[in-house]
Amino acid sequence: MTESSASAPRSVSRLILVGPPGAGKGTQAARLAEHLGVPAISTGDIFRANVAQHTTLGQTAQRYMDAGEYVPDEVTNAMVADRLAQPDAVGGFLLDGYPRTEAQVGELDRMLSEAGVSLDAVVELTADIDELVARLLKRAAEQGRSDDTESVIRRRQEVYAEQTAPLVGLYEARGLLVRVDGLGGIDEVTERVLTALG
Ligand code: AMP
């Protein structure tokens, strides 16, 4: 028997990755998605692509992004509904940066139940806020993202603490939460998550 036919099919195919700005969600999302054989769907990346292409959606999103605020739920939810309906996401997905508000959680629940599927896990990457601010300032210097100035970085941490951190408890109550220490080497963190997912 070959190794691949001996391995059981992955049972984890619909996931959310959550964590404060700078915790390495984007990097881990791409790696985890590849391991799990599902697309990584990053709302931040989709917004940035729209900004770069000067679409109407991009023009709307940019104002909020540059201030460190969340793009309105109606705009974000419609964009995610479109993306999840694409063929590559039918068998599974890893959502990076969505849902971020209680209204988005409700809307995602609705989308999934309409499709007759459910979430398998919500992975929270945890990290120390001061460490994250330092990381983001370093990234700002390297990449020049327009939402990476110090005041915007601090505002993004506040918005996360106020609006998104409470959602973790909600998923914990549903028995879906997998909490992983996000500080450490990239490979180390990926391994931690994959081990925690089993
Ligand atoms: P990220 O790359 O995930 O840090 O997202 C960058 C920015 O895009 C955020 O600061 C928000 O302005 C916007 N954004 C990304 N995802 C969402 C979301 N789920 N809801 C509202 N705004 C979002």
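Residues numbered from 1 in each chain as written. Predicted model: local features only at pLDDT ≥ 70, side-chain atom pairs only at ≥ 80, totals over all residues. Heavy atoms only, no water.

## Focus on the sheet that holds strand β2 (residues 40–42)
As a reminder of what qualifies: The rule for pairing is simple: two strands pair if DSSP sees at least two bridges between them. By definition, any uninterrupted DSSP run of H or I lasting at least four residues is a helix, any uninterrupted run of E lasting at least two residues is a strand, and each is numbered from the N terminus. In this analysis, axes come from line fits to C-alpha atoms, helices being fitted only over the stretch in contact, and the angle between any two N-to-C directions falls in the range 0 to 180 degrees. Whether two residues touch is decided by their heavy atoms; if any such pair falls within 4.5 Å, the residues are in contact.
Ordered by their spatial adjacency, five strands build an open sheet running β2-β3-β1-β4-β5, and the pairing between neighbours is parallel. With one partner strand each, in any of the chains shown, β2 and β5 (177–181) form the two edges of the open sheet. Between one strand axis and the next, the sheet turns through 20° on average, direction left out of account. This element, helix α8 (residues 150–173), spans β1 (14–18), β4 (121–126) and β5 of the sheet and lies at about 125° to β5.

## Some words on the pairing of β1
Threshold: For each residue, the accessible area found with a 1.4 Å probe, counting protein chains only, is set against the maximum for its type, and the residue is called buried under 20%, exposed over 50%, and partly exposed in between.
A large share of β1 lies buried, amounting to five of its five residues. Along β1, one buried face is formed by R14, I16 and V18 and the opposite face, lined by L15 and L17, is buried too. Relative to strand β3 (residues 93–96), β1 runs parallel, the two sharing four bridges. The residue bridging I16 from the neighbouring strand is L95, located in β3. For β1 and β4, the ladder comprises four bridges, and the chain directions are parallel. Looking at β4, one finds that L15 is bridged to A121.

## Points about the packing of helix α2 (residues 25–36) against helix α9 (residues 186–197)
So the rule is basically this: Put simply, angles under 35 degrees are roughly parallel, angles over 145 are roughly antiparallel, angles from 65 to 115 are roughly perpendicular, and the rest are oblique. Should the near helix be turned counterclockwise from the far one by less than a right angle, the crossing is left-handed, whereas a clockwise turn marks it as right-handed. Residues are grouped as follows: Ala, Val, Leu, Ile, Met, Phe, Trp, Tyr, Cys and Pro are nonpolar; Asp, Glu, Lys and Arg are charged; all remaining types, including Gly, are polar.
At a minimum axis distance of 10 Å, the contact between α2 and α9 shows a crossing angle of 50°. With respect to their mutual orientation, α2 and α9 come out oblique. The two elements α2 and α9 cross, and the hand of that crossing is right-handed. Each of T27, Q28, R31, L32, H35 and L36 in α2 lies in contact with α9, whose residues at this interface are I186, D187, V189, T190, V193, L194 and L197. Across the contact of α2 with α9, the residue classes tally to seven nonpolar, four polar and two charged.

## Observations regarding the site of the ligand
Condition: Summary of the distance rule: residues count as near a molecule or strand when at least one heavy atom falls within 4 Å of that molecule or strand. Side-chain atoms alone can form a polar contact between residues adjacent in sequence; in general such a contact is a pair of N or O atoms within 3.5 Å, and within protein one must be able to donate a hydrogen while the other accepts it.
In the vicinity of the ligand, 15 residues are found, and the nearest of them are T43, E69, G97, R100 and Q104. The backbone of V71 places a nitrogen or oxygen atom 3.0 Å from a nitrogen atom of the ligand. One of the side-chain nitrogen or oxygen atoms of R100 is found 2.9 Å away from a nitrogen atom of the ligand. Looking at the shell around the ligand element by element, the count peaks at four residues for helix α3 (residues 43–52). Classifying every residue of the shell around the ligand gives five nonpolar, five polar and five charged.

## Quick look at the nonpolar core
Keep this limit in mind: We define the nonpolar core as a collection of buried residues of types Ala, Val, Leu, Ile, Met, Phe, Trp, Tyr and Cys that are connected through side-chain atoms lying within 4.5 Å of one another.
Counting 23 residues, the largest nonpolar core has L84, L95, L108, L119, V122 and Y171 as the members making the most contacts within it. Among the elements that make up this core, the one with the highest residue count is α8 (five residues). The residues touching L84, leaving out its near neighbours within four places in the chain, are I41, A89, F93, L95, L108 and M111. L17, L32, L36 and L94 belong to the second-largest nonpolar core, a separate cluster that totals 20 residues.

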